[in-house]
Amino acid sequence: MKQLIQSYKTGELGLFEVPAPACDEYGVLVKTTASLVSAGTEKMIVDIAKKSLLGKAKARPDLVKQVIDKMKKEGIQNTLEKVFNKLDTPIPLGYSCAGRVLEVGRHVDGVSVGERVACGGAGYASHSEVNYIPKNLFVKIPDNVDDIDASFVTVGAIALQGIRQTAPTLGENIAVMGLGLLGQLTVQMLKANGCRVIGSDIDPDKMALAKKLGADETCHASDLVKKAMEFSNGHGVDAVIITASTSSNQPIIDAGDISRMRGRVVVVGMVGMDIPRNEYYKKELDLRLSMAYGPGRYDPDYEEKGIDYPYDLVRWTEQRNFEAFLNLIAEGRVTPKELITHTFDFEEAMKAYDLLEGKTQEKYLGIVLTYSHDIDLEENRSVKIGEKTVTANHINVGLIGAGNFTKSVILPNLKKAGGYDLVGLCTATGVSAHGTGEKHGFKYITTDVDEIFANAEINTVFITTRHDKHAPNVIKAIEAKKHCFVEKPLCIKEEELEAIKAAYDGTTILQVGFNRRFSPLIRKMKETVGDTPMSVTYRINAGIIPKNVWIQDPDVGGGRIVGEVCHFIDTCSYLIGSDVAEVYASCIHKNDQSIPDEDNVSIVLTYKNGSTATINYYAYGDSGMPKEYVELFANGISMQMNDFRELTIYEKGNRHKSKSANQDKGFVDEFKAFKEAVQRGKPAIAFDSLYNTTKTTFKILESLKSKRALEI
């Protein structure tokens, strides 16, 4: 199947063959019949992507600051590598479409294969022949609404949410600034709500269209202050909705000038936000921003998992805004087709973007893409993208998952380690697979995970998915007799760990991404003290991760102890050369003393060889402090390792210090070790150690609850 994709690095835009997306249990697959090109949002994305690196930096100064901060912590070279890998991320364009359901996830009710649906959401409702749509981001299309009109659903919901933020009442005077798609729809819905509307723009054609669609008055933006005062009999308008798109601050200034005392100003479009305090203060103006399609936007529980908000508490979610907009179309109160200036077949989609980029002199407003080809899902699960001869005795890799960490860390360091042939790449979406697959020279890309395990050419599987998918894929790799490298953690449930133990017979190599033990500075510490009882203190300035991020979800990421603290347990176990025998954990308790704070925890480990380790994992510190710090004491030797850039050894009254310009957390050496393990048939990390480390994380959680020491 084909999808419209743009490279953020080069700005290259085109239709590319990609595998059809997988259908998650919380959504549906939709065969697209029509999609709307958002002239404002998509033009902005396309324009930024085509800018030079300096131009991108000027457009996003907030990201420049993040890069500088990261350079200070990780070094210039490491940071630049991650930045350039991030820039290589392809952008799926489009966020509003309509189509027919092809497949339904098992946790989705109320819709059947073949039914027509309208869909929204950036990264979901893309310009693609097939899209995966989560359950809260689609609605059924009323019988008397066609797919073309329904494809406006997201833009309509954005306009509707702006109106809801305005809270207009019958008969109020409302000014709409900017008469693009959002402005035109806003005008129609305000009129349906019984308001008097004045609209402004700089384009006479758009002013004329707004007048035709019901606006009581229109004017040029430069005349708005005068005309709005006349329109409101000198009182000022009751509310202003800004749907313009400009970096200028003038819309905010004008909105204050034309508002009545205690009026409302609602910002929907992207405009300058330097508020003229004096005018807003003297009039006690109510300034509000409108968040995209409505409540639920940017909430992964709502958008990805389909957890709806209570109807009586949150009357208008983004999905319910979708429904309301389609109902307005069904009643004839909103007429999207009158906004359409151009329609293109999907195969000619590039002509639409020629309009946005100004390559033709035609004026445009609503641009719709239509899709005429049938799609056989099974024939479109995999796409061959390269010619490659696969040699049986090489390490032939099938990679499952290609998120940011995989693209910025794992794949670049695999290349540095050398000796790996990349054969198959499996991701949930075709756009992710296409960009990563072409850049790194995979033979084929797929969204069918079983294809990786069934492929006889692949003898080694890398699993870099979200944590909840680790255990089932590890077991599949074991059963398929393929070597397996899985990013940490090995699993997120104790029963999963026991299932892996029962399945693993040692005939293949299984390694978890515990990279820190392969860091040159950690290895230097190990070599210096050898095998002897010791004490290790490991302090992590982890930083805060919001509770709605997937890693914090115990059923998806496992939480921070299972998902990240495993790293530090393994490093201590490597230095000590033994397995953990007993663990005790304590943590900060919040207001409710029964709720442990897993983000701020102190862990004491007692090892079988008599050594001890203390892990202090804190989220509440300042990000300016280096993240990781290790101290080791043994045999008259003391050592301090600071964030994988500096090691100080104190021995016999002498002080030896080594320092590196860049962090080296051991990724390259980790992959070299895995390669050698596969070639020699001997694991770089014993399975018993992987089991012990993972088991310890579960016992830490148990210790926090029981407030006592536990044997492993």
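The text that follows walks through the structure, step by step, so that each part is easy to find. Here the structure is a predicted model, which is why all the values come from computation and not from measurement.

**Details of the overall build of the protein**
Counting its secondary structure elements, the protein contains 23 helices and 32 strands. Taking 2.2 N^0.38 as the reference for a compact globule, 712 residues should give roughly 27 Å; the C-alpha atoms of the protein span a radius of gyration of 29 Å, in line with that estimate. By principal-axis analysis of the C-alpha atoms, the protein measures approximately 90 × 60 × 45 Å. Taken across its 712 residues, the protein has 54% of its residues classed as buried. Restricting the contact set of the protein to residue pairs at least 6 apart, pairs at least 24 apart contribute 69%. Of the roughly 29,800 Å² of accessible surface on the protein, 51% is carried by carbon and sulfur atoms.

**A look at unusual backbone geometry**
Looking along the chain, the bond that leaves Lys 488 and enters Pro 489 is cis, with omega of 0°. Inspection of the secondary structure assignment puts Pro 489 in the loop between strand 22 (483-486) and helix 19 (494-503). Phi angles above zero are rare outside glycine, and Tyr 298 is one such case at about 70°. Here Tyr 298 lies in the loop between strand 14 (286-289) and helix 12 (300-303). Look at Lys 707: it is not a glycine, yet its phi comes out positive at around 60°.

**Let's talk about helix 13 (residues 318-330)**
An ideal rise of 1.5 Å per residue puts 18 Å on 13 residues; helix 13 measures up with 19 Å between its terminal C-alpha atoms. Among the 13 residues in helix 13, 10 count as buried, and that is most of the element. Along helix 13, the residues that are buried comprise Glu 318, Gln 319, Arg 320, Asn 321, Phe 322, Ala 324, Phe 325, Leu 326, Leu 328 and Ile 329. If you follow the buried residues of helix 13, they end up packed against strand 6 (116-120), strand 8 (138-140), helix 5 (147-150), helix 6 (153-166), helix 7 (181-192) and helix 12. At the exit of helix 13 stands Gly 332, carrying a positive phi of roughly 80°.

**Let's talk about a nonpolar patch on the surface**
Together, Ile 544, Ile 588 and Tyr 620 make up a nonpolar patch on the protein surface, roughly 320 Å² of accessible area in all. Structurally, Tyr 620 is set in the loop between strand 27 (612-618) and strand 28 (628-634). Accessibility expressed as a relative area gives 46% for Tyr 620, which makes it partly exposed.

**Concerning the pairing of strand 28**
Walk down a regular strand and you will see the side chains alternate between the two sheet faces. Every second residue of strand 28 is oriented toward a common face, the buried set being Glu 628, Val 630, Leu 632 and Ala 634 and the non-buried set Tyr 629, Glu 631 and Phe 633. Summarising the sheet, strand 24 (residues 535-541) and strand 28 pair through six bridges and their orientation is antiparallel. When the bridges of strand 28 are listed, Ser 535 appears paired with Phe 633. Where strand 28 folds back on strand 29 (residues 637-642), the antiparallel hairpin that results is connected by two residues, among which Asn 635 adopts a positive phi of roughly 50°.

**Remarks on helix 8 (residues 204-212)**
An α-helical segment advances 3.6 residues per turn. Residues three or four places apart therefore align on the same side. Along helix 8, the residues that are buried comprise Met 207, Leu 209 and Ala 210. Each buried residue of helix 8 lies within a common arc of 160° when the element is viewed along its axis, so the set occupies one face. Turned more than 90 degrees off the buried face of helix 8, the exposed positions are Pro 204 and Lys 212. If you follow the buried residues of helix 8, they end up packed against helix 7, strand 10 (196-201) and strand 11 (217-220). You can read the cap of helix 8 off the contacts: a side-chain oxygen lies 2.9 Å from the backbone nitrogen of Asp 205, and it is on Asp 203.

Criteria and cut-off values
- Residues numbered from 1 in each chain as written.
- Predicted model: local features only at pLDDT ≥ 70, side-chain atom pairs only at ≥ 80, totals over all residues.
- Heavy atoms only, no water.
- Helix = DSSP H or I, 4+ residues; strand = E, 2+ residues; numbered from the N terminus.
- Rg over C-alpha atoms; globule rule 2.2 N^0.38 Å.
- Buried < 20%, exposed > 50% of the residue type's maximum accessible area, 1.4 Å probe, protein only.
- Contact = heavy atoms within 4.5 Å.
- Areas by Shrake-Rupley, 256 points an atom, 1.4 Å probe, with all protein chains shown as cover.
- Expected span 1.5 Å × (residues − 1).
- Patch = residues over 30% accessible without salt bridge, like charges linked within 9 Å, V, L, I, M, F, W, Y side chains within 5 Å.
- Salt bridge = Lys/Arg side-chain N within 4 Å of Asp/Glu carboxyl O.
- Pairing = 2+ DSSP bridges.
- Arc of directions from axis to C-beta.
- Polar contact = N/O pair within 3.5 Å; in protein donor to acceptor, adjacent residues only side chain to side chain.

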